[in-house]
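Observations on the model geometry
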Amino acid sequence: MRIISTADELRQHLSKEASIAFVPTMGNLHEGHLKLVSIARAQGQCVVVSIFVNPLQFGPSEDFDKYPRTLEADCAQLQGLADVVFAPSVAEMYPAHQTVFVEPPAIANELEGATRPGHFRGMATVVLKLLHIVQPQAAVFGKKDYQQLHIIRKLVAELNLPVNIIGCETVRDEDGLALSSRNQYLSPVERSEALFLYQTLLGVRQAILKGEKNLEHLQQQAVEALAARGWKVDYVAVRRQSDLQPTGLADRELVILAAAKLGETRLIDNVELSL
Ligand code: PAF
């Protein structure tokens with residue numbers, strides 16, 4: 001496995017590869033990332049994983065500085081699974097002050113975007129840059145970041161990028177908590193409470209499957225149940241899968257998304273639902 005830190009060297013190294021499958025990450029890898037890598041393995045002869053904590057997608061009061069950077073341990077985990085790790089510095093990715101950005105679709109201002117203004121603009125900009133540098137035939141992203149995956153699909157379709165975007169199911173701990181690099185910020189007490197976010201989503205899904213039609217009420221109930229246990233809730237929202245717009249249940253393919261803070265740690269999760 002090669003570890004490369006500059007775009008020029010990476011391009012040169014990849015120039016003779018027949019097919020490339022790519023997994024962009026911010027490092028601090030866990031089983032969820034390794035699942036993405038194993039899916040990538042089935043998609044291309046050469047598997048490239050990028051590790052880059054992208055400053056553009058963090059707001060001023062977010063955890064950019066404290067985001068765990070564990071390159072050595074990440075590379076050890078990727079041995080035998082990936083062919084190339086691309087780990088550029090911030091100066092390599094943004095040699096000049098970045099003045100050109102990807103303007104994501106309007107949905108980027110809702111849900112995650114309502115709490116994290118500019119997040120998807122920074123995310124879409126770095127993903128486009130990485131896709132240009134790596135030039136993969138396929139790229140794999142987790143469904144845990146459901147809105148991110150949706151925006152990346154729009155980016156690739158509307159900017160005519162020749163890359164197949166593959167969504168991977170969320171990997172969960174045994175009790176159901178979605179794996180996330182941010183879970184390590186949780187205290188032991190918070191860790192056991194954290195599961196309640198997923199349970200709340202499952203409860204909403206169950207209610208809809210049982211025929212509950214009043215989605216506003218369901219969403220409100222879920223917010224109140226979380227708040228009553230001390231969560232600071234950003235949203236619990238039932239949306240249609242195709243464009244993440246609100247649904248009136250005429251749609252059959254839905255997704256329930258939530259984001260909430262437990263202590264200082266902000267968690268997100270979602271569950272899909274077919275009627
Ligand atoms: O999901 C992530 O880890 C990041 O948003 C991504 C896609 C690597 C872009 O920085």
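Quick caveat, the model's predicted, so the values are computed rather than measured. (Residues numbered from 1 in each chain as written. Predicted model: local features only at pLDDT ≥ 70, side-chain atom pairs only at ≥ 80, totals over all residues. Heavy atoms only, no water.)

1. Side note on the pattern of salt bridges
- In total, this model carries 16 salt bridges according to the counting rule given.
- Between Asp175 and Arg191 there is a salt bridge, and its shortest N-O distance comes to 3.1 Å. Taken together, the residues Asp175 in the loop between strand S6 (164-168) and helix H8 (188-209) and Arg191 in helix H8 connect sequence positions 16 residues apart.
- Note that Asp234 is salt-bridged to Arg266, the shortest N-O span being 2.7 Å. Here Arg266 lies in strand S9 (residues 265-274) and Asp234 lies in strand S7 (residues 232-240), a separation of 32 residues in the sequence.
- Here Asp234 falls in the partly exposed class, since its relative accessible area comes to 35%.
- With a relative accessible area of 19%, Arg266 lands in the buried category.
- Through salt bridges with shared partners, one network takes in Glu112, Asp234 and Arg266. (Salt bridge = Lys/Arg side-chain N within 4 Å of Asp/Glu carboxyl O. Helix = DSSP H or I, 4+ residues; strand = E, 2+ residues; numbered from the N terminus. Buried < 20%, exposed > 50% of the residue type's maximum accessible area, 1.4 Å probe, protein only.)

2. Description of the site of the ligand
- The immediate surroundings of the ligand are formed by Pro24, Thr25, Met26, Gln57, Met123, Val126, Val127, Phe141, Asp145 and Gln148.
- One of the side-chain nitrogen or oxygen atoms of Gln57 is found 2.7 Å away from an oxygen atom of the ligand.
- Gln148 is positioned such that a nitrogen or oxygen atom in its side chain is 2.7 Å from an oxygen atom of the ligand.
- Of all the secondary-structure elements, those providing two or more residues to the shell around the ligand are strand S2 (20-25) and helix H6 (119-134).
- In terms of residue count, H6 provides more of the shell around the ligand than any other element does, three residues in total.
- Classifying every residue of the shell around the ligand gives six nonpolar, three polar and one charged. (Near = heavy atom within 4 Å. Polar contact = N/O pair within 3.5 Å; in protein donor to acceptor, adjacent residues only side chain to side chain. Nonpolar A, V, L, I, M, F, W, Y, C, P; charged D, E, K, R; others polar.)

3. Details of the sheet that holds strand S8 (residues 253-262)
- Taking strand neighbours across the sheet as the criterion, the three strands line up as S7-S8-S9 in an open arrangement whose pairing is antiparallel. Among the strands making up the open sheet, the edge pair consists of S7 and S9. Within this sheet the neighbouring strands show an average axis-to-axis angle of 10 degrees, counted without direction.
- Where S8 and S9 come together, ten bridges link them in antiparallel fashion. Looking at the pairing, Val255 lines up with Glu272 of S9. (Pairing = 2+ DSSP bridges. Axes fitted to C-alpha atoms, helices over the stretch in contact; angles between N-to-C directions.)

4. Details of unusual backbone geometry
- A positive phi angle, near 55 degrees, is found at Asn160, a position not held by glycine.
- When you line up the elements, Asn160 lands in the loop between helix H7 (146-158) and S6.
- Residue classification places Asn160 among the exposed positions, given a relative accessible area of 65%.
- We note that Leu244 has phi near 60 degrees; this positive angle belongs to a residue other than glycine.

5. Describing the pairing of strand S3 (residues 46-51)
- Of all six residues in S3, six are buried, a share of seventy percent or more.
- Side chains Cys46, Val48 and Ser50 of S3 all project onto a buried face; the interleaved residues Val47, Val49 and Ile51 project onto the opposite face, where all are buried too.
- Of the strand pairs in this sheet, S2 and S3 are connected by six bridges, and their pairing is parallel. Along S3, the bridge assignment pairs Ala21 with Val47.
- Handedness of the β-α-β unit built from S2, helix H2 (residues 31-41) and S3 comes out right-handed.
- As defined by bridge partners, S3 adjoins strand S4 (residues 84-86) across three bridges and the pair is classed as parallel. When the sheet's bridge partners are listed, Val48 is paired in S4 with Val84.
- On the question of chirality, the crossover connecting S3 to the parallel S4 by way of helix H3 (residues 71-78) is right-handed. (Right-handed = clockwise from strand over helix to strand, strands pointing away.)

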